Amino acid sequence: MSDSDEYVDLPVSDDDDWEDGEEADEDEDDQDVKGSSKKKKAKEHVDQLKRLQEKDPEFFKYLEECDKDLLGFNEEDIDDDQESDEEPRSVPKEEPKESVKPITMEMVDSWCNGAEDGKIGSIRSILQAFRRACHYGEDTADNSAPKFSVMSGSVLDKVMHFVLKNMDSILRQLLHAPSSGGRKEKINELMVTTPWKRHGNLMRVYLANALHMITEMTDEQMIAFTIHRVRASAVFLAAFPSLLRKYVKALLYTWARGRGAMPLVSFLFLRDLCIQVGPDCLDACLKGIYKAYLVNCKLSKSIGGLKLQHIQFLGNCVKELYSVDPTSAYQHAFVFIRQLVVILRGALTERGPKTSKDKKQKETNKQLEKSYQKVYDWQYIFCLELWTSVVCGCSSHEDFRPLAYPLTQIIHGVACLVPSARYFPVRIRCVKMLNCIAQATGTFIPVSSLLLDMLEMKELRGRPDGGVGKAVNLINVKQVDKKIVKTRAFQEACIYSMVDELAKHLAQWSYSIAFFEMSFLPLVQLRNFCKTIKAERFRKEMKDEFIR
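Below, the structure is looked at part by part. Just so you know, these numbers come straight off a predicted model, no measurement behind them. (Residues numbered from 1 in each chain as written. Predicted model: local features only at pLDDT ≥ 70, side-chain atom pairs only at ≥ 80, totals over all residues. Heavy atoms only, no water.)

A count of helical and extended segments in the chain gives 26 helices and 2 strands. The proportion of buried residues among the 548 residues of the chain is 44%. Restricting the contact set of the chain to residue pairs at least 6 apart, pairs at least 24 apart contribute 73%. Of the roughly 30,200 Å² of accessible surface on the chain, 51% is carried by carbon and sulfur atoms. (Helix = DSSP H or I, 4+ residues; strand = E, 2+ residues; numbered from the N terminus. Buried < 20%, exposed > 50% of the residue type's maximum accessible area, 1.4 Å probe, protein only. Contact = heavy atoms within 4.5 Å. Areas by Shrake-Rupley, 256 points an atom, 1.4 Å probe, with all protein chains shown as cover.)

Where helix 10 (residues 194-216) contacts helix 11 (residues 220-230), the two axes come as close as 9 Å, and the packing angle between them is 155°. On the basis of the axis angle, helix 10 is roughly antiparallel to helix 11. Crossing of helix 10 over helix 11 shows left-handed handedness. Residues Tyr206, Leu207, Ala210, Met213 and Ile214 of helix 10 lie in contact with helix 11, whose contacting residues are Ile223, Thr226, Ile227, Arg229 and Val230. (Axes fitted to C-alpha atoms, helices over the stretch in contact; angles between N-to-C directions. Parallel < 35°, antiparallel > 145°, perpendicular 65-115°, else oblique. Left-handed = near helix turned anticlockwise from the far one by under 90°.)

So, on to the state of the cysteines. Throughout this description, disulfide means a covalent bond between two cysteine sulfur atoms. Across all of its chains, the model carries 0 disulfides by this definition. Looking at the unpaired cysteine 281, the closest cysteine sulfur is the one in cysteine 285, lying at 4.3 Å. Residue cysteine 281 is classed as buried on the basis of its relative accessible area, which comes to 2%. Free of any disulfide, cysteine 394 has its nearest cysteine sulfur in cysteine 392, 9.7 Å distant. (Disulfide = S-S within 2.5 Å.)

Here we take up unusual backbone geometry. One non-glycine residue, histidine 176, adopts positive backbone phi at about 60°. Structurally, histidine 176 can be placed in the loop between helix 8 (153-174) and helix 9 (184-190).

For helix 25 (residues 515-532), spanning 18 residues, the distance from its first C-alpha to its last is 26 Å, which sits close to the expected 26 Å at 1.5 Å a residue. Maximum bend of helix 25: about 25°, positioned at leucine 521, with proline proline 522 one to four residues after it. For helix 25, the full list of buried residues reads Met518, Ser519, Pro522, Leu526, Phe529 and Cys530. (Expected span 1.5 Å × (residues − 1). Bend = angle between axes of the 7 residues up to and from the residue.)

Judged by side-chain polarity, Phe516, Phe520, Leu521 and Val524 come together as a nonpolar surface patch covering roughly 420 Å² of accessible area. Residue placement: phenylalanine 520 occurs in helix 25. Here phenylalanine 520 falls in the partly exposed class, since its relative accessible area comes to 45%. (Patch = residues over 30% accessible without salt bridge, like charges linked within 9 Å, V, L, I, M, F, W, Y side chains within 5 Å. Salt bridge = Lys/Arg side-chain N within 4 Å of Asp/Glu carboxyl O.)

Before going further, it helps to examine the packing of aromatic side chains. For the structure shown, the criterion picks out 15 aromatic pairs. With centroids separated by 6.0 Å and ring planes inclined at 25°, the aromatic side chains of tryptophan 196 and phenylalanine 240 adopt a geometry described as stacked. Within this pair, whereas tryptophan 196 is found in helix 10, its partner phenylalanine 240 is found in the loop between helix 11 and helix 12 (241-257), the two being separated by 44 residues in sequence. A relative accessible area of 9% places tryptophan 196 in the buried class. On the accessibility criterion, phenylalanine 240 (9% relative accessible area) is buried. An aromatic cluster of at least three residues, connected via ring pairs, comprises Tyr290, Tyr322, Phe336 and Trp387. (Phe/Tyr/Trp six-rings, centres within 6.5 Å; stacked < 30°, edge-to-face > 60°.)

In this structure the tally under the stated criterion is 11 salt bridges. In this structure, arginine 429 engages glutamate 385 in a salt bridge whose closest nitrogen and oxygen atoms are separated by 2.9 Å. Residue arginine 429 is found in helix 20 (residues 424-441), and its partner glutamate 385 is found in helix 18 (residues 378-393); the two are separated by 44 residues along the sequence. Taken together, the salt bridges that share partners define one network made up of Lys432, Asp500, Glu501 and Lys504.

With that out of the way, let us pick up the side chain of glutamate 501. In this fold, glutamate 501 is placed in helix 24 (residues 488-508). On the basis of relative accessibility, which here comes to 2%, the residue glutamate 501 falls in the buried class. One polar contact links glutamate 501 to lysine 432, side chain to side chain, over a distance of 2.8 Å. If sequence neighbours within four positions are ignored, glutamate 501 has contacts with Val431, Lys432, Asn435 and Leu451. (Polar contact = N/O pair within 3.5 Å; in protein donor to acceptor, adjacent residues only side chain to side chain.)

With respect to the helices, strands and loops of the structure, glycine 200 is situated in helix 10. The class for glycine 200 is buried, based on a relative accessible area of 3%. Put simply, glycine 200 and alanine 239 are 39 residues apart on the chain and 9.3 Å apart in space, counted from C-alpha to C-alpha. For glycine 200, the residues in contact, after removing those within four places along its chain, are Leu175, Pro195 and Phe240.

Residue position: aspartate 283 is located in helix 14 (residues 279-296). Take aspartate 283: its relative accessible area is 36%, and that puts it in the partly exposed class. Note: C-alpha distance between aspartate 283 and alanine 329 (46 residues apart in sequence) is 8.1 Å.

Here helix 16 (residues 326-349) contains 24 residues, and its C-alpha end-to-end distance of 33 Å stays within 8% of the 34 Å for a straight helix at 1.5 Å per residue. When helix 16 is considered as a whole, its buried residues turn out to be Pro326, Ala329, His332, Ala333, Phe336, Ile337, Leu340, Leu344 and Ala347.

Further remarks concern the environment of leucine 174. By secondary structure assignment, the location of leucine 174 is in helix 8. Through-space distance from the C-alpha of leucine 174 to that of alanine 115 is 10.0 Å; in sequence the pair is 59 residues apart. Those residues in contact with leucine 174, other than ones at most four positions away along the chain, are Ile120, Ile123, Pro195, His199 and Leu202.

Distances and angles like these do not, on their own, reveal function.
Here it is in structure tokens:
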């Protein structure tokens, strides 16, 4: 019961204290004082019940049906209870256990009809049944039995479906809130109104029990449906900061770990919170979604197609969330990009002392390999691609444009870190990122040198001596084995990818006045490559793309 004027709080009966009682005092005057005080409280209880019957006969009738023990009380029992309290008892009586009353379909139907009509008693009753449904099957902390219990699956489904589908509109109408959406400022204005002070706690009950269901249920479809329905009430979390933090934490978990529709509905909920609630949860969402993204990027040497699509989806979600408020997002992006700089700088500067001893040289090589693997790791590569997409997506905002230069420097450093044919897949990915930044920002980035350097290596110029080999997908690997480097399939994949990216790079500046000078050196190197390469298929590829 709330503290509203229409529904007074019903005090707990003192019968248990009289029966279980305290030790009898020897002083009879004290007994008379206690008896009179108990009699006074009992009379007040009777008066409260009478006032409740006058103000809300419907709810009083509901109590008569569901809790007769509470209303089965009269003034004549007061003296009897007082006299029985004076009698000493050697053996205390056991507390009577409260009987569990089942919720029937007829009761639920009447509550649903009353809630749709805006009756407070029906709304409270259906929310109480919703709470029992969310906690169904759980053991209570104490030994007391609940007054109501959902007994059948059909009743549980009815309660859940009705509350999740209609409770948002019912409570909005009860609290005089906008019919949909809203902003934090509107909720702040609403919190000082009389309807909110009387019934605002009902919204908290609804959101808290829905959160319990999201965190405790295992059925992914039901969790996704719950998140989808509760999303309509996201703006009301601005009134409950502690509950807001719990929702952000739960939604980040379902977004990162869920399957099916769960990641999508969780992200849409988070996006609505960032837009409607604003700075109260924006920083937590931006930090949390990036950390959750990092967890999903911890992968092995190769990656499957489905996993790659899932990571791309998560990256698009992060990009969308950082686009909500670019001014606030810039601070977080700057910090996270700086972390990538620190890792790359450690790999570039970590050099062991030159020595002739083999053991020390081997230890140094192992140490260098470990530092390189921190950079040539899927987590690091996907972070570069993520921030590339974020910077490109927010390139129209002046706040994000300064991040393009340090990000370009990092990507270029990663591409040149280890000039080996085994890491050509990483170099190709880096060139793709640089082309995206150049196109989004309209800035010239000299990527032709990264591509043409690949043609100077013997693995691409000479005849492959490892056979035909299996087809190599450069997108799904970050490095290849030494045996694969010598195959014809790897040579073809690298040369075709290089030609494709070089063509994209030159196409961006095909209408520039400096295009002739910019394309002269690449054209000369390609001609030399065509003269020295023995494979006719490569010469034909070069002539079709560049040499006319």
